[in-house]
Amino acid sequence: MTKENKQLKEKISRNNETIHTQQQKLANIRKVLSTSKNNDSWFLLIILLFTFVFAPLNFTILPLVFMKNKKSNQLYKLILILSFISTAFTCFVFYGWLSDVFNFGGTITIE
C-alpha cells in the first residue's frame, strides 16, 4: 500500500507540473490574443501614409495618431518615427506653398 501511495503521489506531482505548464501556456496565448485585438498599428500606418499624400491633413490627423498609438502596439516606434517624418514633410510642403503664394524663397531671374 505504501508503494502504491508513493506512485500515486509521484503521478499527482507530475500531473500538477503539467497543469502548471499548461496554465502558463494558456496565459501566454490569452495575453497575445488580447494585445492583438487592440493593436491598431497597421491602421495608424495607413493613416500616416495618407498624410504624406494629403499634407494638410497632417495637422488634424497627427494628434489622433498620437492618442491612439500606445506602447503595447506592435509598431509603436515605427509609427512615432513616421509621424515625425510626416510632420517635417508637411512643414516643407507648407513652406513651398507659402513661397509660391507670396513669391519669396524662390529663384530670381534677371533679364
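The rules behind each value
- Residue numbers here run from 1 along each chain, matching the order of that chain's written sequence.
- Whole-chain, interface and lining totals are the exception, using all residues; otherwise, since this is a predicted model, local features are given only for residues with pLDDT of at least 70 and side-chain atom pairs are given and counted only at 80 or more.
- With hydrogens and water stripped out, all remaining heavy atoms of the structure feed into the side-chain values.
- Salt bridges are identified by distance alone: a Lys or Arg side-chain nitrogen within 4 Å of an Asp or Glu carboxyl oxygen.
- Secondary structure follows DSSP: runs of H or I at least 4 residues long count as helices, runs of E at least 2 residues long count as strands, and numbering of each begins at the N terminus.
- Here, nonpolar core means buried Ala, Val, Leu, Ile, Met, Phe, Trp, Tyr and Cys residues that are tied together by side-chain atoms lying within 4.5 Å of each other.
- Partly exposed describes any residue whose relative accessible area lies between the buried limit of under 20% and the exposed limit of over 50%, with all areas from a 1.4 Å probe on protein chains only and scaled to the type maximum.
- Throughout, a residue-residue contact means that at least one pair of heavy atoms, one from each residue, lies within 4.5 Å.
- Pairing of aromatic rings covers Phe, Tyr and Trp, the last counted by its six-membered ring, and requires centre-to-centre distances within 6.5 Å; plane angles under 30 degrees mean stacked, over 60 mean edge-to-face, and any other angle means tilted.
- Orientation is described by lines fitted to C-alpha atoms, with helices fitted over the stretch in contact, and by angles between N-to-C directions that extend from 0 to 180 degrees.
- For classification purposes, angles smaller than 35 degrees are called roughly parallel, those larger than 145 roughly antiparallel, those between 65 and 115 roughly perpendicular, and all remaining angles oblique.
- Within this analysis, the arc is defined by the directions that extend from the helix axis to the C-beta atoms.

A. Inspection of the pattern of salt bridges at higher detail. Summed over all chains, the structure comprises 1 salt bridge. Residues D40 and K68 are paired through a salt bridge, measuring 3.3 Å at the closest nitrogen-oxygen approach. Taken as a pair, D40 in the loop between α1 (2-37) and α2 (41-53) and K68 in helix α3 (residues 58-68) lie far apart in primary sequence, 28 residues in all.

B. Structural view of the nonpolar core. By size, the foremost hydrophobic cluster in this structure holds 9 residues: L44, L45, I47, L48, I61, L62, V65, L75 and I79. Secondary-structure elements contributing two or more residues to this core are α2 and α3. Looking at this core element by element, the count peaks at 4 residues for α2. If near-sequence neighbours (up to four positions away) are discounted, V65 is found in contact with L44, I47, L48 and I79.

C. Main features of the side chain of S86. Note on placement: S86 falls in helix α4 (residues 76-102). On the accessibility criterion, S86 (0% relative accessible area) is buried. Excluding its chain neighbours within four sequence positions, the residues that come into contact with S86 are T51, F52 and N58.

D. A look at the packing of aromatic side chains. Throughout the structure, instances matching the rule amount to 3 aromatic pairs. Ring plane angle 50° and centroid distance 6.2 Å describe the contact between F66 and F84, whose orientation is recorded as tilted. In this pair, F66 is assigned in helix α3 and F84 in helix α4, connecting sequence segments 18 residues apart. Taking the relative accessible area as the measure of exposure, F66 reaches 35% and is therefore partly exposed. For F84, a relative accessible area of 55% puts it in the exposed group.

E. Representation of the packing of α2 against α4 in the model. Running from N to C, α2 and α4 cross one another at 10°; their axes reach a closest spacing of 10 Å. Considering their axes alone, α2 and α4 lie roughly parallel with respect to each other. For the pair formed by α2 and α4, the contact residues are S41, L44, L45, L48, T51 and F52 on the first element and L78, I79, L82, S83, I85, S86, F89 and T90 on the second.

F. Spotlight on α3. Looking only at α3, the buried set comprises N58, I61, L62 and V65. One face of α3 carries all of its buried residues, which in axial projection span an arc of 110°. Among the exposed residues of α3, those pointing more than 90 degrees away from its buried face are T60 and M67. Of the surrounding secondary structure, the elements contacted by the buried residues of α3 are α2 and α4.

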